[in-house]
Amino acid sequence: MRITRIVERSVPLQTHLSNARSDFSQMTTSVVAVVSDVIRDGQPLVGYAFNSFGRYACGEQIRERIAPRILAASPHSLLEPDHSNFDPFAIARQGQYRERRGGYAERSIPMGTVDVAVWDLVAKVAEQPLHRLLADRFNEGRTMTQAPTYVGGGWYFPGQTAADLREEMQRHLDAGYNMVKMKIGGMSMGEDCRRIEAILSVMGEGRNLAVDASCSFDRAQALSYAQAIAPYQLRWFEEPCDCLDYQSFAELSAAYDGPLATGENMACALELDHFLSYGGFRADRDIIQIDPPLAFGITEYLKVLKVAERHGFERRSMYPHGGNLMCLQLVGGLGLGACESYPDTFGIFSGFGNEVTIEAGLARLPQTPGIGFEQQPSLYSVMRELAT
């Protein structure tokens, strides 16, 4: 049993949307295939992944450093002790061999993307959906049949009107969702409040809406926005400022009664440990949103859970960022709080695939072995090309 190839390809997201800080029109992502010599139904098993949204493709590190190290290792050193499956922890260590400690952000995304593909492969070898494999190994066998999900929507785009926002919200409600997260910070505070009110006219209560500032505010702006949105009693206020600006977060936590959310820009469990030690985050209400492919993958995310628990956070406070099928598998298998969804935002990367249905804000967990990208036909056609 061995890994025979690791292949990466850069693919454009093909979207005209933007948040408060970034125009996504030129954004790319890395799609990865980890090919094995394990044969099922006449074909080698392959693990797939892509590196989430909002970060550019990272193929150079994969091609020049991470993949060659893994492929050069003794095949037996990358297996479980009984040789029944690949060992994702051993593969992660090998992928980072000779890397200097520190500077994690430079390699957290390429290593994280490869790691997610490895876990897809491991679940396929075990002939289990990833959520079942994770539940058996790390959650005492407890898995969900349906997981809470919400839409990452309310983006900015040229010429957007209040009617456009209301139409989008109605579309999400009709599709089975009952909660949306919208973008703020790209317009004046008054204009953003009018956008919030347009969305609430369809979504109803504030608990059905969260806002995401995409780290666009300094301390004073974050506090001003917190005061402005407090009357809406929103579900949470996400990324008001840089997650490593501990002082601003501590002041905002002391001033804002509603839940705060952050974490998608953190590169590893150690960064989360520092933030929770000094950032004023509150275990009884706030939400941690680390994005696994951006932070060394699922292997590191298991360390993230331990760090959060050590600081008093329950697993229901963990909302993995990313809005894709992999995150849904983690929520279902590890008993996390909820999964973001991008039903129609990022072209072939959108949605959860043909196997997942949404009803009353709950996504039914897929049963295809692995992550289940095979049930996303347009995306899978790109992934499959890498392995041939």
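All values reported here derive from a predicted model rather than from experimental measurement.

(A) Summary view of the overall build of the chain. Tallying secondary structure elements over the chain gives 12 helices and 12 strands in all. In summary, the chain has a C-alpha radius of gyration of 20 Å against a globular reference of 21 Å for 388 residues, a match within 12%. The C-alpha extent of the chain, read off along each of the three principal axes, is 60 × 40 × 40 Å. By the burial criterion, 59% of the 388 residues in the chain qualify as buried. Within the chain, contacts between residues at least 6 apart in sequence are counted, and of these 73% link residues at least 24 apart. Accessible surface, the chain: about 15300 Å² in total, of which carbon and sulfur atoms supply 47%. Across the chain, 36 positive and 47 negative side-chain charges occur, with their mean positions spaced 4 Å apart.

(B) Fine view of the state of the cysteines. Tallied over the entire structure, the rule returns 0 disulfides. Here C193 is not cross-linked by a disulfide; its sulfur's nearest cysteine counterpart is in C241, at 18 Å. Among the residues examined, C193 registers a relative accessible area of 12% and is labelled buried. The closest cysteine sulfur to the non-disulfide-bonded C268 is located on C243, 11 Å from its own sulfur.

(C) Structural detail: the pairing of strand β6 (residues 209-212). Side chains L209 and V211 of β6 all project onto a buried face; the interleaved residues A210 and D212 project onto the opposite face, where all are buried too. Pairing of strand β5 (residues 180-183) with β6, which is carried by 4 bridges, proceeds in the parallel orientation. Bridge pairing links M182 to V211 in β6. In the classification by handedness, the crossover that spans β5, the intervening helix α6 (residues 189-203) and the parallel β6 is right-handed. Across 2 bridges, the pairing between β6 and strand β7 (residues 237-238) is parallel. Looking at β7, one finds that V211 is bridged to F237. Each parallel crossover has a hand, and for β6 linked through helix α7 (residues 219-229) to β7 it is right-handed.

(D) Inspection of the nonpolar core at higher detail. I184, I196 and F237 are the most contacted members of the largest nonpolar core, which has 125 residues in total. Considering each element in turn, this core owes the most residues, 11 residues, to helix α3 (residues 105-125). M179, A261, I287 and Y319 belong to the second-largest nonpolar core, a separate cluster that totals 8 residues.

(E) Representation of the packing of helix α1 (residues 59-72) against α3 in the model. Relative orientation of the contacting elements α1 and α3 amounts to 55 degrees, with a least axis distance of 10 Å. The angle between the axes of α1 and α3 places the two elements in the oblique class. Our pair here, α1 against α3, has a crossing hand that is right-handed. The residues of α3 that touch α1, namely those facing Q61, I62, R65, I66 and I70, are E106, R107, P110, M111 and V114. In terms of residue class, the contact of α1 with α3 is built from 6 nonpolar, 1 polar and 3 charged.

(F) The side chain of S30, seen in detail. Of note, S30 is situated in strand β2 (residues 28-40). There is a polar contact of 2.6 Å between the side chain of S30 and the side chain of E8.

(G) How the structure looks around helix α11 (residues 325-334). Burial analysis of α11 places 10 of its 10 residues in the buried class, the great majority of the element. Among all positions of α11, only L325, M326, C327, L328, Q329, L330, V331, G332, G333 and L334 are buried. Looking one or two residues beyond α11, the residue adopting positive phi is G335, at roughly 70 degrees.

Each value, and the rule that gives it
Residues numbered from 1 in each chain as written. Predicted model: local features only at pLDDT ≥ 70, side-chain atom pairs only at ≥ 80, totals over all residues. Heavy atoms only, no water. Helix = DSSP H or I, 4+ residues; strand = E, 2+ residues; numbered from the N terminus. Rg over C-alpha atoms; globule rule 2.2 N^0.38 Å. Buried < 20%, exposed > 50% of the residue type's maximum accessible area, 1.4 Å probe, protein only. Contact = heavy atoms within 4.5 Å. Areas by Shrake-Rupley, 256 points an atom, 1.4 Å probe, with all protein chains shown as cover. Lys, Arg positive; Asp, Glu negative; His and termini not counted. Charge placed at Lys NZ, Arg CZ, Asp CG, Glu CD. Disulfide = S-S within 2.5 Å. Pairing = 2+ DSSP bridges. Right-handed = clockwise from strand over helix to strand, strands pointing away. Core = buried A, V, L, I, M, F, W, Y, C linked by side-chain atoms within 4.5 Å. Axes fitted to C-alpha atoms, helices over the stretch in contact; angles between N-to-C directions. Parallel < 35°, antiparallel > 145°, perpendicular 65-115°, else oblique. Left-handed = near helix turned anticlockwise from the far one by under 90°. Nonpolar A, V, L, I, M, F, W, Y, C, P; charged D, E, K, R; others polar. Polar contact = N/O pair within 3.5 Å; in protein donor to acceptor, adjacent residues only side chain to side chain.

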